[in-house]
Amino acid sequence: MSLFRVWQLAQFELTRLFATKRGLLALSAFAMVWFMILNYLIAQAVPFISSPEFSEVAQELAGNIGLQELVSWPQAELAVFWLIALYSFPGFCIFVCSDQTVGDRLRGTLRFISLRCTRDEILLGRFLGQLLIIAILISLTVLATFLVMIYRDMSLFGSGLVLSLQLILQLVIIVMPFIALMSLLNLISSSSRLTVVLAILLFTLANALIGYLSYYLPIISGLLYAFPGVQLLDIAPQTSTSMVNWLLPIGQSAGLLALSAFTFRRRSL
């Protein structure tokens, strides 16, 4: 495997987003959505949490749902951002990463690419490119939230900067298995739309079916750990959780990529 060719394929994914009209239009829509989130949710939620009139209510409500530690953060903007990003970015990955190889396969360009790269290089390059795109978008949203925070209270600059870097790293780790899952679904579906549909069915019907069967056979509940994001409820209350919760998405990503490579090698282009 050539790391240079993998990096070239990853760069192509970056070019498709940041140097094409379609990609820039998608970035503009993403920016508008997060502008509204920052303006109407994050910025407005902080005065609500910090006000004496509602602080006791907010603390009691957060304690009931296991989020009391987040309410006590001095970096209130980053606390609200963490809850929103923790659940929105994994879902965002399903749509953004829905066309990694299926589009090229339908157009016939995947055969042309495979003449110069191995299938493993194509798979890893596309995965790395999508991961870099999501990491850049996560970093930009964290930066915007950080700027809103220090505009309110400049004394939080140091602690907020450390926490911002921590949130970026942890969110990137969280979205990795979702991108790897879309890499696998790209290989077994016939279109990017079908890839999204399969992902939604996997997280709804398949998850519900395993949950139902595990009621009768508890050993089946272990299959839930194969689903990306199974640990989100455990890490939502805080960012400092057990190492297992952070090793799990890395293991899921490695397993899904290995399964994708096995499938890709046996699929006709």
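Structural data are supplied above this passage.
Notes on the structure in this doc start here. (Residues numbered from 1 in each chain as written. Predicted model: local features only at pLDDT ≥ 70, side-chain atom pairs only at ≥ 80, totals over all residues. Heavy atoms only, no water.)

Each helix and strand in the protein chain was counted, giving twelve helices and zero strands. Ordered by position in the sequence, the α and β elements of the protein chain form the string α-α-α-α-α-α-α-α-α-α-α-α. A buried classification covers 44% of the 269 residues belonging to the protein chain. Put simply, of all contacts in the protein chain between residues at least 6 apart along the chain, 78% involve residues at least 24 apart. On the protein chain, roughly 14200 Å² of surface is accessible, and the fraction owed to carbon and sulfur atoms is 70%. (Helix = DSSP H or I, 4+ residues; strand = E, 2+ residues; numbered from the N terminus. Buried < 20%, exposed > 50% of the residue type's maximum accessible area, 1.4 Å probe, protein only. Contact = heavy atoms within 4.5 Å. Areas by Shrake-Rupley, 256 points an atom, 1.4 Å probe, with all protein chains shown as cover.)

Here T195 lies in helix α10 (residues 192–216). According to the relative accessible area criterion, T195 is buried, its value standing at 0%. The sequence separation of T195 and L185 amounts to ten residues, and the corresponding C-alpha distance is 5.7 Å. Not counting residues within four places of it along the chain, the set of residues in contact with T195 comprises S98, M182, L185, N186 and S189.

With that settled, consider the packing of aromatic side chains. Evaluated as defined, the whole model comprises nine aromatic pairs. Judged by centre distance (6.4 Å) and plane angle (50°), the ring pair of F30 and W34 falls under tilted. Placement of the pair is F30 and W34 together in helix α2 (residues 21–50), with a separation of four residues, close to one helical turn. Assessed through its relative accessible area of 13%, F30 is described here as buried. When the centroid spacing of 6.3 Å and the interplanar angle of 55° are considered together, the rings of F30 and F89 count as tilted. (Phe/Tyr/Trp six-rings, centres within 6.5 Å; stacked < 30°, edge-to-face > 60°.)

The next subject is the pattern of salt bridges. Throughout the structure, instances matching the rule amount to seven salt bridges. The salt bridge partner of R126 is E13, with a shortest N-O separation of 3.0 Å. Here the residue R126 occupies a position in helix α8 (residues 119–152), and E13 occupies one in helix α1 (residues 3–18), the gap between them amounting to 113 residues. On the basis of relative accessible area, R126 is assigned to the buried category, the value being 1%. Here D104 ties to R107 by a salt bridge, and the two come within 2.8 Å at their closest N and O atoms. With D104 and R107 both in helix α6 (residues 102–107), this residue pair falls three residues apart, about one helical turn. Take D104: its relative accessible area is 7%, and that puts it in the buried class. (Salt bridge = Lys/Arg side-chain N within 4 Å of Asp/Glu carboxyl O.)

This brings us to the packing of α1 against α8. Across the interface, α1 lies against α8 with an axial gap of 7 Å and an inter-helix angle of 45°. Taken together, α1 and α8 sit at an angle that is classed as oblique. The way α1 lies across α8 gives a crossing that is right-handed. Contact with α1, carried on its side by R5, V6, W7, L9, A10, F12, E13, L14, R16, L17 and F18, involves E121, I122, L124, G125, R126, L128, G129, Q130, L132, I133 and I136 of α8 and no other residues of that element. Residue composition of the contact of α1 with α8, by class: 14 nonpolar, three polar and five charged. (Axes fitted to C-alpha atoms, helices over the stretch in contact; angles between N-to-C directions. Parallel < 35°, antiparallel > 145°, perpendicular 65-115°, else oblique. Left-handed = near helix turned anticlockwise from the far one by under 90°. Nonpolar A, V, L, I, M, F, W, Y, C, P; charged D, E, K, R; others polar.)

Read these as layout, nothing more, since geometry by itself doesn't imply function.
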